[in-house]
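Overview (structure and organization)
Spelled out from the first residue to the last, the chains are:
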Amino acid sequence: MDWIGRVGPLSEAARTELAGLPKRSLPRGIDLFAPGDTAQGYPVLLSGRVEVFLTGPNGREILLYAVEPGQSCVQTTLGLLGDEPYTGAATTVADCETVIIPKAMFLRLMDADAGFRSFVLRSFGQRMADLTRLLESVAFGRVDARLASVLLDLAEGHVVRATQSEIAARIGSAREVVSRKLDSFAKSGWVTTERGEVHLRDPAALRRAAAT
């Protein structure tokens, strides 16, 4: 199925218009937008992964959400529909292929095509639910549980290749807190740490911690 088929039922005019858009390849490590930028188009991610971060006044970062194929970018949707500037920053964390629907076309299809409008609003609703879960986790979840969950998610062959600052951004905490918790995990025999790496020695214990 081509990417347009993933959108759902569309009018023939909308399908024809979208089919004329070019695909773009983006390498890993490209900054896509920054705070204060304005949205110029609606991206449809075909492959890869984009991460969106928010930076606080003290310089601490938190991962708001990741965009993978089939998912939308909340900040871009808000920018296009509400004419609001970006407050976060986005970076490709893998090689990506995308199609960008220009702003004028996006707004026209939102007005004229019920199928396209349903696709955008459904995707937006799903991402807002993800953000709500993130807020609940940061506000009410235990740091130990969030850290254990992130380590399990990031592990490749029982090895997490990320700095403590990067891990802290993913759980909405400070690097110093992550450092202390990793030391605690290490004393329990769950992990060992090296520069830029965390080795999972007892994934079962981490899964139990993540479930608490």
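Residues numbered from 1 in each chain as written. Predicted model: local features only at pLDDT ≥ 70, side-chain atom pairs only at ≥ 80, totals over all residues. Heavy atoms only, no water.

1. Side note on the overall build of the protein
Across its full length, the protein carries nine helices and ten strands. Summarising its shape, the C-alpha atoms of the protein cover approximately 60 × 40 × 30 Å along the three principal directions. Looking at the protein as a whole, 39% of its 212 residues qualify as buried. When contacts within the protein are restricted to residue pairs at least 6 apart in sequence, those whose partners lie at least 24 apart make up 68%. For the protein, the separation between the mean place of its 25 positive charges and that of its 25 negative charges on side chains is 5 Å. (Helix = DSSP H or I, 4+ residues; strand = E, 2+ residues; numbered from the N terminus. Buried < 20%, exposed > 50% of the residue type's maximum accessible area, 1.4 Å probe, protein only. Contact = heavy atoms within 4.5 Å. Lys, Arg positive; Asp, Glu negative; His and termini not counted. Charge placed at Lys NZ, Arg CZ, Asp CG, Glu CD.)

2. Some words on the domain arrangement of the protein
Domain assignment breaks the protein into domain 1 (4–139) and domain 2 (142–211). Measuring from the centre of the C-alpha atoms in domain 1 to the corresponding centre in domain 2 gives 29 Å. If you look at the interface, domain 1 gives nine residues, while domain 2 gives eight residues. Approximately 670 Å² of surface area, both sides summed, lies buried where domain 1 meets domain 2, with 48% of it carried by carbon and sulfur atoms. Our count for the contact surface shared by domain 1 and domain 2 stands at one salt bridge. Glu51 is the partner of Arg170 in a salt bridge, and the nearest nitrogen-oxygen pair spans 2.6 Å. At the boundary of domain 1 with domain 2, the tally comes to one residue pair in polar contact (both at pLDDT 80 or more). Among the secondary structure elements, those contributing two or more residues to the side of domain 1 that touches domain 2 are β4 (50–55), β5 (61–67) and α5 (114–140). (Domains from an automatic or database assignment. Buried area = accessible area lost by both parts, 1.4 Å probe. Salt bridge = Lys/Arg side-chain N within 4 Å of Asp/Glu carboxyl O. Polar contact = N/O pair within 3.5 Å; in protein donor to acceptor, adjacent residues only side chain to side chain.)

3. Some words on the UniProt feature "domain: Cyclic nucleotide-binding" (unreviewed entry) in the protein
The UniProt feature table records "domain: Cyclic nucleotide-binding" (unreviewed entry) at residues 21–127. Secondary structure content for residues 21–127 is 31% helix and 36% strand, while the C-alpha to C-alpha distance between its ends is 25 Å. (UniProt positions renumbered as here; feature names shortened; annotations may be inferred.)

4. What to know about the layout of surface pockets
The volume enclosed by the largest pocket comes to roughly 1,300 Å³. Forming the walls of the largest pocket are 44 residues, and the residues nearest its centre are Arg49, Glu51, Leu63, Leu154 and Arg170. In terms of residue class, the lining of the largest pocket is built from 20 nonpolar, eight polar and 16 charged. Two domains share the lining of the largest pocket, each providing at least three of its residues, namely domain 1 (4–139) and domain 2 (142–211). Taken as a whole, the second largest pocket spans an internal volume of roughly 430 Å³. As for the second largest pocket, its lining consists of 24 residues, of which Leu32, Phe33, Pro43, Tyr86 and Ile100 are closest to the centre. For the lining of the second largest pocket, the secondary structure elements donating two or more residues are β1 (23–26), β2 (31–33), β3 (41–47), β6 (89–92) and β7 (96–102). (1 Å grid on protein atoms, 1.4 Å probe; cavity = no way out; pocket = protein on both sides within 12 Å on 5 of 7 lines; lining within 4 Å. Points joined across faces, edges and corners; volume = space filled by probe spheres on them. Nonpolar A, V, L, I, M, F, W, Y, C, P; charged D, E, K, R; others polar.)

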